[in-house]
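Observations on the three-dimensional arrangement
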Amino acid sequence: MRLLLLCFLLVACARPPQVALAPPYRIGVAGGEVRVVVGMRSPQEAEPYRVLARGLGEVLGVRVEVFGRRTYAGVLEALRRGEAEMGFLCSLAAGVGVEEGFLEVILATRPKVPYRSLILVRADGPYRKLEQLAGKPFAFTDPLSNTGHAWPRLAARDLGEGFFARAFFTYGHDRALMALKEGLAEGAAVDAVVYEALGVPGLRPLWEGPQDPAPPVVVLKGLPQGSQERLRQALLAFAATPKGREALKALYLEGFVPATGEAYRLVYRRAREVLP
């Protein structure tokens, strides 16, 4: 079983393949189709986002195409090239798009617990302080993850250059937790909200970061203002339906709140010193 898991994680943690992107699409919602991109999520994590995205179509009366990219960099590239009008992103990746001027934030998620980074260890492990993980195998999620990469690096920046010498990327919070639980890593960094949503037993927090702006819903900067508002109102309307509430519950979210890009720009500016 462990050998199979190791093979799975080696594939999951390998450098993502280069995916050829289609030529840019015309920006607009009124043409009868909305494209929504979801990033860096396992099928279990991504499906509630897909339900929310498809719910847009039910409210707007248009076809919604939902697709994924394996990494946040892939999601940003899809949005940058106009392959999608809307995306569900983490706070840091959203900040990159806001800083570079091609994304706008239209809503923020409202989680049931504070959105912050957690560094986890196995519950029966010997670790009591972050310093004890120096040089140990460590599972990050994605290079552009605020909770799963940037904050742990910021927390350990004064603990020696080789602190994360044996760290690897899993490209999924669930995979990072699996690597930790099965002994392939001694520590893992994940989003506290996802950790609560997945409910993986046998682990405990060793370190927690400060609360940050929760992951947002973004749209292309060039999208007409009327289209932005239609998307915002449609998502809020669907989130209030029984199906929408069920999707939010699976994500450990209570709903959405108004938001702008400036808070996410600050997340990026704080983190950029530790980004690859």
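Every value quoted in this text rests on a predicted model; they were computed, and no experiment measured them.

Quick notes on the rules
- Residues numbered from 1 in each chain as written.
- Predicted model: local features only at pLDDT ≥ 70, side-chain atom pairs only at ≥ 80, totals over all residues.
- Heavy atoms only, no water.
- Pairing = 2+ DSSP bridges.
- Helix = DSSP H or I, 4+ residues; strand = E, 2+ residues; numbered from the N terminus.
- Axes fitted to C-alpha atoms, helices over the stretch in contact; angles between N-to-C directions.
- Buried < 20%, exposed > 50% of the residue type's maximum accessible area, 1.4 Å probe, protein only.
- Contact = heavy atoms within 4.5 Å.
- Salt bridge = Lys/Arg side-chain N within 4 Å of Asp/Glu carboxyl O.
- Left-handed = near helix turned anticlockwise from the far one by under 90°.
- Nonpolar A, V, L, I, M, F, W, Y, C, P; charged D, E, K, R; others polar.
- Polar contact = N/O pair within 3.5 Å; in protein donor to acceptor, adjacent residues only side chain to side chain.

Digging into the sheet that holds strand S8 (residues 187–191)
- An order of S7-S6-S8-S5-S9 is seen for the five strands of this open sheet, with the pairing classed as mixed. Of all the strands in the sheet, just strand S7 (167–169) and strand S9 (203–208) have a single pairing partner and so form its edges. In this sheet, adjacent strand axes meet at a mean angle of 30° when their direction is disregarded.
- Relative to S9, strand S5 (residues 117–122) runs antiparallel, the two sharing five bridges. Bridge assignment links Val121 to a residue of S9, and that residue is Arg204.

Brief notes about unusual backbone geometry
- Non-glycine residue Tyr171 carries a positive phi angle of around 60°.
- Inspection of the secondary structure assignment puts Tyr171 in the loop between S7 and helix H6 (173–181).
- Of note, Tyr252 is a non-glycine position whose phi angle comes to about 60°, a positive value.
- Mapped onto the fold, Tyr252 is located in the loop between helix H9 (242–250) and strand S11 (253–257).
- Among the residues examined, Tyr252 registers a relative accessible area of 25% and is labelled partly exposed.

Let's talk about the sheet that holds strand S4 (residues 103–111)
- In space, the six strands of this open sheet follow the order S2-S1-S3-S10-S4-S11, with mixed pairing throughout. Looking at strand neighbours, the two that pair on one side only are strand S2 (63–69) and S11, the edges of this open sheet. Each neighbouring strand pair of the sheet contributes to a mean axis angle of 25°, computed without reference to strand direction.
- Strand direction decides the pairing type here: strand S1 (residues 33–39) and strand S3 (residues 86–88), joined by three bridges, are parallel.

A closer look at H6
- Burial analysis of H6 places seven of its nine residues in the buried class, the great majority of the element.
- Among the residues of H6, those classed as buried are His173, Asp174, Arg175, Ala176, Leu177, Ala179 and Leu180.

Here's the deal with helix H4 (residues 91–100)
- Of all ten residues in H4, eight are buried; the element is thus mostly enclosed.
- Looking at the packing, one finds that the buried side of H4 touches helix H3 (72–80), S4, helix H5 (146–155), strand S10 (216–220) and helix H10 (262–271).
- Once H4 ends, the next one or two residues include Gly101, with phi positive near 90°.

Observations concerning the environment of Gly68
- Note on placement: Gly68 falls in strand S2.
- Sequence separation between Gly68 and Gly39 is 29 residues, and the spatial gap between their C-alpha atoms is 5.5 Å.
- With sequence-adjacent residues up to four places away left out, Gly68 is seen in contact with Val38 and Arg50.

Focus: the pattern of salt bridges
- Inspection of the entire model under this criterion finds 18 salt bridges.
- Here Arg69 and Glu83 are joined by a salt bridge, their closest N and O atoms 2.9 Å apart. Pair noted here: Arg69 is in strand S2 and Glu83 is in the loop between H3 and S3, with a separation of 14 residues, a long-range link. The residues Arg69 and Glu83 share a single accessibility class, namely buried.
- Sharing partners across several salt bridges, the network here consists of Glu99, Glu262, Arg265, Arg269 and Arg272.

Some remarks on the packing of H3 against H4
- Where H3 meets H4, the axes come as close as 10 Å, and the angle between the chain directions of the two elements is 35°. Viewed along their axes, H3 and H4 form a crossing whose handedness is right-handed. Along the contact surface, H3 presents Tyr72, Leu76 and Arg80, while H4 presents Ala93, Val96, Gly97 and Glu100.
- For the contact of H3 with H4, a count of residues per class yields four nonpolar, one polar and two charged.

Re the side chain of Asp212
- As for its placement among the helices and strands, Asp212 is situated in the loop between S9 and S10.
- A polar contact is formed between the side chain of Asp212 and the side chain of Asn146, at a distance of 3.0 Å.
- Sequence-distant contacts of Asp212, defined by excluding residues within four places in its chain, comprise Tyr115, Asn146, Trp151, Val267 and Arg270.

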